Structure formats: structure tokens, C-alpha cells
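Notes for the structure review
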Amino acid sequence: EDQVTQSPEALRLQEGESSSLNCSYTVSGLRGLFWYRQDPGKGPEFLFTLYSAGEEKEKERLKATLTKKESFLHITAPKPEDSATYLCAVLSRPSFSSGSARQLTFGSGTQLTVLP
Amino acid sequence: DAGVTQSPTHLIKTRGQQVTLRCSPKSGHDTVSWYQQALGQGPQFIFQYYEEEERQRGNFPDRFSGHQFPNYSSELNVNALLLGDSALYLCASSQGHRQETQYFGPGTRLLVL
């Protein structure tokens, strides 16, 4: 069974204070790892997809990296508008029982607060 | 380009009632997945529809059922509501059931009293 663990559960940063969020995973063959941002009461907003160890993706102040066991979301010089919950999800290769359909398995998220 | 839309935005029901939630996928997408998100938790997969058929199902009871229409829109039905069904229900769409990246709608907040 696929498992995703995110840490820390909550993180408070001062504006400009860089940090990293962690996502460790256990899957039976990784098809993709996804990062989403979720604002309170809203649906998750897609950020990145990573497919193989060593891959990196960047968008503004965010940079996602992937190893064989975990992914990091690095936040450089964050601003208050970066405050949100960041969700990590994995997609595993289909098994005989799952057929070809895809399902995402999510972690519980890291709630990031950036103080001005 | 219209994204994923869901209706209604909020809903209040009482225990034992039935509810129907609706989702229209992003333009060009033909696959719809439904998720339940409890407060403070990550979304949990309910089921996925492609070509008007349920392709995969998560660990949810038969009280949860769905449908996909020829225009790719989808409904989620929940019967015999329990207090524990209170959650944010999210719809996600993708292009083809083998396409990995899923785009989420704003969700429907269901409160069961």
C-alpha cells in the first residue's frame, strides 16, 4: 500500500527566511510525485510533477527535488502570500488489481505560515 | 480556459439523507476523480470515472456511488449520510485515465448534522 508522510506538520517562517518541506514516500513503483498548494477552503492548486530521482523543477520562489525515497519543496525568501498548506501526492504504477486506472495517494500536508 | 467547476459550493444535510454533488471537468479533459478531504487531512481517493465507467475505487463503502455523462461531467452520490461524511469533496480532472496530472476544482463543503 502506498504511503506518504509529510513533515513538519506546521511551519512558521519570517518573510525572507528560506526553508524546506519534506515528503517521504513508499510506493510499489513510482509513476510520479506531485506537489500541490491549497488555500483554506479551496481545492488544491497544481505546482509540480517529478518523475525520476535527481529531477528538479522550479517556479518563482519554489523548487522541488526528488530522490528515491523523498522529495523536498524548497522555499527561497518566502513572502506572506506563500502562506498555504502544501500537499505532496504519489502515483504508483498500476498493479493487476488496480488495472490501468490512476489514483493519487496524498500526505496530510504542511501548513506554512509566513509572517511579515 | 474554464477550469474544473463544482456545485454546489456548500451543502447542509441531516443524517440518513442523500446528497448529489456535481463536477464539470477542465476543457479537453475526459477523466474525473473524486476525493474526500477531512479537516486537517490530505484528500482521500473515492473513485475515478473514464468513458462513463468506474475505473478504480478507493476504500469507501457502497453508499458512495457515481456517474459520468457523455459530456464527461460527473456526479457523486452519497446515500444514508453519516456525521462522519462531513468533509470537503473534491473533483479532479485529467486528460485520459493514464494521464498523471490531475487538476482540482474548488470543492463542495458538506456538513451533516
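See above for the structure.
Per chain, residues are indexed from 1 in the order of the written sequence. Chains carry letters from A onward and ligands carry numbers from 1 onward, assigned in written order. Note on the predicted model: pLDDT of at least 70 is required for a residue's local features to be given, and 80 or more for side-chain atom pairs to be given and counted; whole-chain, interface and lining totals, by contrast, use all residues. Excluded from the side-chain calculations are hydrogens and water; all other atoms, namely the structure's heavy atoms, are used.

1. Section: the overall build of chain B
- Helix and strand labels come from DSSP, where a helix needs a run of H or I of at least four residues and a strand needs a run of E of at least two; each type is numbered from the N terminus. Helix and strand counts for chain B come out as zero helices and 11 strands.
- The order of helices and strands in chain B, counted from the N terminus, is β-β-β-β-β-β-β-β-β-β-β.
- Taking 13 Å as the expected radius of gyration for a compact globule of 113 residues, we find that chain B reaches 13 Å, a close match to that expectation.
- For chain B, the spread of C-alpha atoms along the principal axes amounts to about 40 × 25 × 25 Å.
- Across the 113 residues that make up chain B, the buried fraction comes to 52%.
- Approximately 5,300 Å² of chain B is accessible, and the part contributed by carbon and sulfur atoms is 48%. Atoms counted for the radius of gyration: C-alpha only. Globule rule: 2.2 Å times residue count to the power 0.38. Throughout this description, buried means an accessible area under 20% of the type-specific maximum (1.4 Å probe, protein chains only), exposed means over 50%, and partly exposed covers the range between. Accessible surface area values rest on a Shrake-Rupley calculation with a 1.4 Å probe, where residue burial reflects the displayed protein chains alone.

2. Thoughts on the overall build of chain A
- Along chain A, the regular secondary structure elements total zero helices and 11 strands.
- Tracing chain A from N to C terminus, the helices and strands come up as β-β-β-β-β-β-β-β-β-β-β.
- Here the C-alpha atoms of chain A give a radius of gyration of 14 Å, agreeing with the 13 Å that 2.2 N^0.38 yields for 116 residues.
- Along the first, second and third principal axes, the C-alpha set of chain A runs to 50 × 30 × 20 Å.
- The 116 residues of chain A split such that 46% are buried.
- Of the roughly 5,800 Å² of accessible surface on chain A, 47% is carried by carbon and sulfur atoms.
- A positive count includes Lys and Arg, and a negative count includes Asp and Glu. His and the chain ends are not counted in either. Where a charge lies is defined by one atom per residue type, namely NZ (Lys), CZ (Arg), CG (Asp) and CD (Glu). For chain A, the centre of its 13 positive side-chain charges and the centre of its 14 negative side-chain charges are spaced 6 Å apart.

3. Topic: the interface of chain B and chain A
- Contacts are residue-level and defined by heavy atoms, with any inter-residue pair within 4.5 Å sufficient. Counting from both sides, the interface comprises 23 residues of chain B and, opposite them, 22 residues of chain A.
- By buried area we mean how much accessible surface two parts lose on assembly, using a 1.4 Å probe and totalling the loss over both. Area buried by chain B at its contact with chain A is led by Gln 56, Glu 100 and Phe 104 of chain B, which between them contribute 31% of it.
- Whenever a carboxyl oxygen of Asp or Glu lies within 4 Å of a side-chain nitrogen of Lys or Arg, that contact is scored as a salt bridge. For the pair chain B and chain A, the number of links is zero salt bridges.
- Only strand E4 (31-37), strand E5 (44-50), strand E6 (53-57), strand E9 (87-94) and strand E10 (103-104) of chain B provide two or more residues apiece to the side of chain B that touches chain A.
- Ranked by the residues each element gives to the side of chain B that touches chain A, the list is headed by E6 of chain B, at three residues.
- Note on residue categories: nonpolar means Ala, Val, Leu, Ile, Met, Phe, Trp, Tyr, Cys or Pro, charged means Asp, Glu, Lys or Arg, and polar means any other residue, Gly included. For the side of chain B that touches chain A, a count of residues per class yields eight nonpolar, 10 polar and five charged.

4. Observations concerning the nonpolar core
- Among the nonpolar cores identified, the biggest contains 24 residues, and Tyr 25, Leu 33, Trp 35, Leu 73 and Tyr 86 of chain A are the most heavily contacted of them.
- Elements represented by at least two residues in this core include exactly strand E2 (10-14), strand E3 (19-26), strand E4 (30-38), strand E5 (45-50), strand E7 (62-66), strand E8 (70-75), strand E9 (84-92) and strand E11 (110-115) of chain A.
- Top element by residues in this core is E9 of chain A. It accounts for four residues.
- When neighbours within four sequence positions are excluded, Tyr 86 of chain A is seen to be in contact with Gln 6, Leu 21, Trp 35, Tyr 36, Arg 37, Leu 47, Leu 62, Leu 73, Gly 109, Thr 110 and Leu 112 of chain A.
- Residue types Ala, Val, Leu, Ile, Met, Phe, Trp, Tyr and Cys, when buried and joined through side-chain atoms within 4.5 Å, form a set referred to as a nonpolar core. In terms of nonpolar packing, the next biggest core, distinct from the first, is built from 20 residues, Leu 11, Trp 34, Phe 47 and Val 112 of chain B among them.

5. Here's the deal with the state of the cysteines
Residue and element names in this part refer to chain A.
- The disulfide criterion used throughout: a pair of cysteine sulfur atoms within 2.5 Å. All chains considered together, the criterion is met by two disulfides over all chains.
- Cys 23 shares a disulfide with Cys 88; S-S distance 1.9 Å. Between Cys 23 and Cys 88, the disulfide has an S-S torsion of -60 degrees and is therefore left-handed. Of this pair, Cys 23 sits in strand E3 while Cys 88 sits in strand E9, and the two are 65 residues apart along the sequence. Accessibility assignment for this pair places Cys 23 and Cys 88 in one class, buried.

6. A short note on the pattern of salt bridges
All names here are of chain A.
- Under the definition given, this model contains eight salt bridges over all chains.
- One salt bridge connects Glu 55 with Lys 57, and the closest N-O pair in it is separated by 3.6 Å.
- Its salt-bridge partner being Glu 56, residue Lys 63 comes within 3.3 Å of it at the nearest N-O pair.
- In this structure Lys 63 comes out as partly exposed when scored by relative accessible area, which is 27%.
- Given the relative accessible area of 46%, Glu 56 is considered partly exposed.

7. Focus: the sheet that holds E3 of chain A
Residues and elements named next belong to chain A.
- Here, a strand pair is defined by DSSP locating no fewer than two bridges between the strands. Pairing is antiparallel across the open sheet formed by five strands, whose spatial order is E1-E3-E8-E7-E6. Each end of this open sheet is capped by a strand with a single partner; those strands are strand E1 (3-7) and strand E6 (56-59). The average angle at which neighbouring strand axes cross in this sheet is 15 degrees, direction not considered.
- Sheet analysis places E7 next to E8, joined by five bridges and oriented antiparallel. Note that in E8 the partner of Lys 63 across the bridge is His 74. Only the stretch in contact is used when a helix axis is fitted, and all axes are lines through C-alpha atoms; the angle between N-to-C directions ranges over 0 to 180 degrees.

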